[in-house]
Amino acid sequence: MATLDYVDIPSAATRLQSNAPAHDNDIRPAPRVVTSLPRPEHSPVRHSPAIAQPVLSPTKTALNIPQLLLSSTLHLPANGSSTPRGSGKGSQRLITTRDPLSIPITTVNFRRFVSKTGPVFWLQDRIEEIIMWRKGWKNTVVWMAVYAFLCYFPRMIFLLPHVCILGVLLATHPSIRHRLSTGNLDHDEAHGVPSPPPAQTGEGSVDWLANVQAIQNLMGVVSDFHDFILPAIPHLTHGTQYTPIVFTFTVLTFILLIPIVNFLPLRLTFLTLGLTPLLLTHPFTRFTLLPALCGSTTFLLSAFRTRLLRAVDDDRLEDKHWRAEMREVELYENERWSGGADDGSGADAGWNKMHLRTGERRAWTRGRDGWSGVSEDGSGDVSSNLTFSLSLGWSFVETEDWRPDLEGLWAAPAGADGGGWVYTNDSWLDPYPAPLEEWRTSGMTRRRRWVRRIYYDAISASAV
């Protein structure tokens, strides 16, 4: 008698509905359903750090960077317009349309821009050092005291231009410069503050290349910030069904805040709003207080994220899914730690599926025991697809993909970390939500459970 290879339904799976007819006596072979494997890089958990690419140090030999940038990024079509902005009749003359689009003009302006942005980035670095407490607590506390003074004496803000001009005049006074030039080290550098770069640097110099490096990193920060807020834009531009909810919430909170703002003390309010970010960026807050709070609420946060992701998936379900019986199938992702050169394996340090040993569990397994490996044809390694044998009439929900189990209830009472990983020793035993330090020498492993829902389509089952 032939053995049918059905997918294992977890014993703890919740039966959402049970109005579909049973096919217990159906002996027809279950159809093969091919589905893609979970994609950890696209899951709503922490991403792995990317491999660092070779970089150009400002101290190395200068290259023709403007030409390299323009030749690799600007490819103007032969029939393209030289005035893509404001080319219409009667258009106003703005700064963005002052000169026509031209490679020579772009090259000249880029060279001028790079040579003159040194003081801007120097000021940016000093502000970052103050906000992130990079120069010690005294430096930041002084600026916090200055801000508190301005909050309680706001009229002093009108004197700030005079204070800035006097500060520049005193810092550049000939007598002060002469006294500082007698020593071997600049006064600011002696206290850990680099001297301001020259107002204009020569092309190819170290300062010029440092400006290019700063521009490169600033472009990356702006792009990262754009990508971070981009998913929220459709909710504000009537691109999703959540726009009416956002509009209603905004209007209600606006009406509720109108009588409250009249009772807020302005000085205390601005003092609190200004000092709170600095308190949050303090090293004690970032490395001690917040990790302790997150550690104590990890389970609650994971449960909340799980419910939120399930709500998002439920919102995408179609009517045929709601009317059908739904269950969950599970899959386990397995990885092993390698210390790199320290353990003599020669492999790259870190967690990776390639570090799994010969003869042990595969990278993807259907059962938590780790020995029911999966692949396209039922044996061997797994690349991108996974073949499931589902009972007649069962199909994967088309509107959702695999989701990581962030709670880790299957490994209770150990639980999982924020990414859903459960850590075990070299023998895949003794689960913990975080790796133990002594495991780094003896070996350690980890597992993560993935789930995906399936539904029963009675119409397709009866048509076969």
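Because the structure is predicted, anything quoted here is derived from the model rather than measured.

### A closer look at the overall build of the protein
- Of the regular secondary structure elements, the protein holds 16 helices and nine strands.
- Counting over 464 residues, the protein shows a buried share of 28%.
- Put simply, 66% of the contacts in the protein that link residues at least 6 apart link residues at least 24 apart.
- For the protein, the exposed surface amounts to about 31300 Å²; the carbon and sulfur share of it is 64%.

### Topic: the side chain of Asp 405
- Structurally, Asp 405 is set in the loop between strand E7 (403-404) and strand E8 (421-425).
- Looking at Asp 405, the relative accessible area reads 9%, which means it is buried.
- One polar contact links the side chain of Asp 405 to the main-chain amide nitrogen of Glu 407, over a distance of 3.2 Å.
- Every residue in contact with Asp 405, bar those within four places of it in the chain, is listed here: Trp 410, Gly 420 and Arg 449.

### Here we look at the nonpolar core
- Leu 331, Trp 364, Phe 396, Trp 402 and Ile 454 are the most contacted members of the largest nonpolar core, which has 14 residues in total.
- The dominant element in this core, judged by the number of residues it contributes, is strand E9 (residues 444-456), at three residues.
- Counting residues in hydrophobic clusters, the runner-up holds eight residues, among them Val 114, Phe 121, Leu 209 and Ile 215.

### A short note on helix H13 (residues 298-316)
- Here H13 is 19 residues long and its end C-alpha atoms lie 27 Å apart, about the 27 Å a rise of 1.5 Å per residue gives.
- Along H13, the residues classified as buried are Ser 302, Ala 303, Leu 309 and Asp 313. Down the axis of H13, the sector holding all buried residues measures 130 degrees, keeping them to one side. Summarising the geometry of H13, the exposed residues directed more than 90 degrees from the buried face are Leu 300, Phe 304 and Arg 307.
- Check the buried side of H13 and you find it contacts E7 and E9.

Definitions and limits used
Residues numbered from 1 in each chain as written. Predicted model: local features only at pLDDT ≥ 70, side-chain atom pairs only at ≥ 80, totals over all residues. Heavy atoms only, no water. Helix = DSSP H or I, 4+ residues; strand = E, 2+ residues; numbered from the N terminus. Buried < 20%, exposed > 50% of the residue type's maximum accessible area, 1.4 Å probe, protein only. Contact = heavy atoms within 4.5 Å. Areas by Shrake-Rupley, 256 points an atom, 1.4 Å probe, with all protein chains shown as cover. Polar contact = N/O pair within 3.5 Å; in protein donor to acceptor, adjacent residues only side chain to side chain. Core = buried A, V, L, I, M, F, W, Y, C linked by side-chain atoms within 4.5 Å. Expected span 1.5 Å × (residues − 1). Arc of directions from axis to C-beta.

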